[in-house]
Amino acid sequence: MIKDPTTLFRPNIAALTPYSTARDEYEGKLGIFIDANENPNENGYNRYPDPRQTELKAKLSSIKGVPAEQIFTGNGSDEAIDLCYRVFCRPGVDNVVAIAPSYGMYTVSAAINDVEVREVLLDEEFGLPVERLLEATDEKTKLMFICSPNNPTANSFDRAEIVRLIESFDGMVVLDEAYIDFAEQRGFVEDLAKYPNLIVLQTLSKAWGMAGLRFGLAFADKRVISMFNRVKYPYNINVAASRLVADMLDCDIASQVTEIKEQRTRLIEFMNDLSCIERVYPSDANFVLVRTDDADALYNALLADGIIVRNRNRMPMCKGCVRITVGTPAENDQLIASLTKYDTQWQQK
Ligand SMILES: *Cc1c(COP(=O)(O)O)cnc(C)c1O
């Protein structure tokens, strides 16, 4: 049953009186600003940022087709993940359910907030374990973390199965769409009006090429977004980042995304022919997960050639697995050369 999200807020958070900034009380742009103890000499950065990110959200609203009041902007998705815990989960009391293997911050943030995580292994072939996820919940389960396309498995989950979770779970479904720009199927941002218990996370760190600027997004019911805004640090996005993000949002990333997807196909086809690689998993993201008989050996061989990949050998269900991000065509040339060399050695072993 889809719940009213306001009934899920932690009681102390629902009762919070947020910090009120000077600029919250006065909306105008003109005037003499002697309210915030800033240095009055204009240098481009002497003023505090807009805590509501009004201009950026207007821009994001038109790009994403979501009303500004349903958009949260934060210091990376990691801030939004942490806010999910802080807004909904009572430390030491509530729990969350999350798929595994998946993104590490769901469990790190849970541990920091003293919230139990019930990890549910994916099905064979990395499918979404809908029934087992629902069975893992109880009346204290406030959040369910799903990541699609999933990191590190690279696959998207079936939309109908995600819908089944949203419609059956009594808490908030947090759907991480960090890699949605590389996926074949559409995400859930346009379905938000139907699902008040859905929080969709996106980021500018991947397809948009702004990992260094630290800018993450959450889309949800306006009452949830309003609560995130009350709990966040007032000035979580700095003036320099917000100007650069606003400019870079005008760039058309479509051709870069197309090239990355073409290079992904190239890498998958190449690695499918290698003896040292047992399995190349299908990818809906900008990385490829491969399985080999000795992930540490493959990892070290690439490292010796100056190529750093992500060793996922020790993650659940990922024994022997290495995650490889799609680089530039020239970087992929080097990766292919290094893998060719390793494969020859491997065959002589
Ligand atoms: C990279 C990634 C993010 C992005 O985190 P930021 O803090 O926005 O850089 C979020 N979720 C997943 C699954 C990721 O892989």
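What you are looking at is a predicted structure, and each value in this text was computed from that prediction instead of being measured.

Moving on: helix α12 (residues 329-348). The end-to-end C-alpha distance of α12 is 29 Å, a good match for the 28 Å that 20 residues give at a rise of 1.5 Å each. Restricting attention to buried positions, one finds in α12 the residues Asn 332, Leu 335, Ile 336, Ser 338, Leu 339, Tyr 342 and Asp 343. The elements touched by buried residues of α12 are α10 (254-272), α11 (295-304) and β11 (321-325).

What follows is about the sheet that holds strand β10 (residues 310-311). The strands making up a sheet associate through backbone hydrogen bonding, with each pair oriented either parallel or antiparallel. Read from one edge to the other, the open sheet built from 4 strands follows the order β8-β9-β11-β10, with strand pairing classed as antiparallel. In this open sheet, the two edge strands, each paired with only one partner strand, are β8 (277-280) and β10. As defined by bridge partners, strand β9 (residues 287-292) adjoins β11 across 5 bridges and the pair is classed as antiparallel. Counterpart to Arg 291 in the pairing with β11 is Cys 321.

A separate point is unusual backbone geometry. With an omega of 0 degrees, the peptide bond between Ala 100 and Pro 101 qualifies as cis. The omega torsion of the bond from Ser 148 to Pro 149 falls at -5 degrees, within 30 degrees of zero and hence cis. Examined against the element boundaries, Pro 149 turns out to sit in the loop between β4 (141-147) and α7 (159-168). Non-glycine residue Phe 126 carries a positive phi angle of around 60 degrees. Positionally, Phe 126 belongs in the loop between β3 (116-121) and α6 (130-135). Overall, the relative accessible area of 4% leaves Phe 126 in the buried class.

With that settled, the discussion passes to the environment of Lys 261. With respect to the helices and strands, the residue Lys 261 is situated in helix α10. Relative accessible area serves as the criterion here: at 24%, Lys 261 is assigned to the partly exposed category. Spatially, the C-alpha atoms of Lys 261 and Phe 219 are 26 Å apart, while their sequence positions differ by 42 residues.

Turning next to the site of the ligand. Close contacts around the ligand come from 13 residues, with Asp 176, Tyr 179, Thr 203, Lys 206 and Arg 214 the closest. A distance of 2.6 Å separates a nitrogen atom of the ligand from a polar atom in the side chain of Asp 176. When the ligand sits alone it has 390 Å² of accessible area, and the protein chains cover 94% of it. At 3 residues, the largest contribution of residues to the shell around the ligand is made by helix α4 (residues 76-88). Taken together, the residues of the shell around the ligand break down into 4 nonpolar, 5 polar and 4 charged.

Where α10 meets α12, the closest approach of the two axes is 11 Å, and the angle between their N-to-C directions is 10 degrees. Looking at the two axes, α10 sits roughly parallel to α12. Counted together, Glu 259, Gln 263, Arg 266, Leu 267, Phe 270 and Met 271 of α10 and Pro 329, Asn 332, Asp 333, Leu 335, Ile 336, Leu 339 and Thr 340 of α12 form the full contact between these two elements. Residues of the contact of α10 with α12, tallied by class, amount to 7 nonpolar, 3 polar and 3 charged.

Quick look at the sheet that holds strand β1 (residues 71-74) now. Across the sheet, which stays open at both edges, the 7 strands sit in the order β1-β7-β6-β5-β4-β2-β3 with mixed pairing between neighbours. Every interior strand has two partners, whereas the edge strands, β1 and β3, have only one. In this sheet, neighbouring strand axes are inclined to one another by 20 degrees on average, regardless of whether the strands run parallel or antiparallel. Here β1 pairs with strand β7 (residues 216-219) via 4 bridges, running antiparallel. In the sheet register, Gly 74 faces β7, and the bridge partner there is Gly 216. Each of β1, β6 (198-203) and β7 is contacted by helix α3 (residues 54-64), which is oriented at about 120 degrees to β1, the strand it contacts most. Its contacts with the sheet place helix α8 (residues 222-231) against β1, β5 (172-176), β6 and β7, and it is angled at close to 25 degrees to β1.

The next thing to look at is the packing of aromatic side chains. Aromatic ring pairs: the centre-centre distance and the angle between the two ring planes describe each pair. Counting across every chain of the model gives 8 aromatic pairs. A ring pair is formed by Tyr 103 and Tyr 106, whose centres lie 5.6 Å apart and whose planes are at 75 degrees; its orientation type is edge-to-face. With relative accessibility at 27%, the residue Tyr 103 sits in the partly exposed group. With a relative accessible area of 1%, Tyr 106 lands in the buried category. The interplanar angle of 20 degrees and the centroid separation of 4.7 Å between the aromatic rings of Tyr 106 and Phe 145 together place this pair among those described as stacked. Taken together, the residues Tyr 106 in helix α5 (residues 105-112) and Phe 145 in strand β4 connect sequence positions 39 residues apart. Residue Phe 145 is classed as buried on the basis of its relative accessible area, which comes to 1%. Through pairs of rings, three or more aromatic residues link up here, namely Tyr 85, Tyr 103, Tyr 106 and Phe 145.

What counts, and where the lines are drawn
- Residues numbered from 1 in each chain as written.
- Predicted model: local features only at pLDDT ≥ 70, side-chain atom pairs only at ≥ 80, totals over all residues.
- Heavy atoms only, no water.
- Helix = DSSP H or I, 4+ residues; strand = E, 2+ residues; numbered from the N terminus.
- Expected span 1.5 Å × (residues − 1).
- Buried < 20%, exposed > 50% of the residue type's maximum accessible area, 1.4 Å probe, protein only.
- Contact = heavy atoms within 4.5 Å.
- Pairing = 2+ DSSP bridges.
- Near = heavy atom within 4 Å.
- Polar contact = N/O pair within 3.5 Å; in protein donor to acceptor, adjacent residues only side chain to side chain.
- Areas by Shrake-Rupley, 256 points an atom, 1.4 Å probe, with all protein chains shown as cover.
- Nonpolar A, V, L, I, M, F, W, Y, C, P; charged D, E, K, R; others polar.
- Axes fitted to C-alpha atoms, helices over the stretch in contact; angles between N-to-C directions.
- Parallel < 35°, antiparallel > 145°, perpendicular 65-115°, else oblique.
- Phe/Tyr/Trp six-rings, centres within 6.5 Å; stacked < 30°, edge-to-face > 60°.

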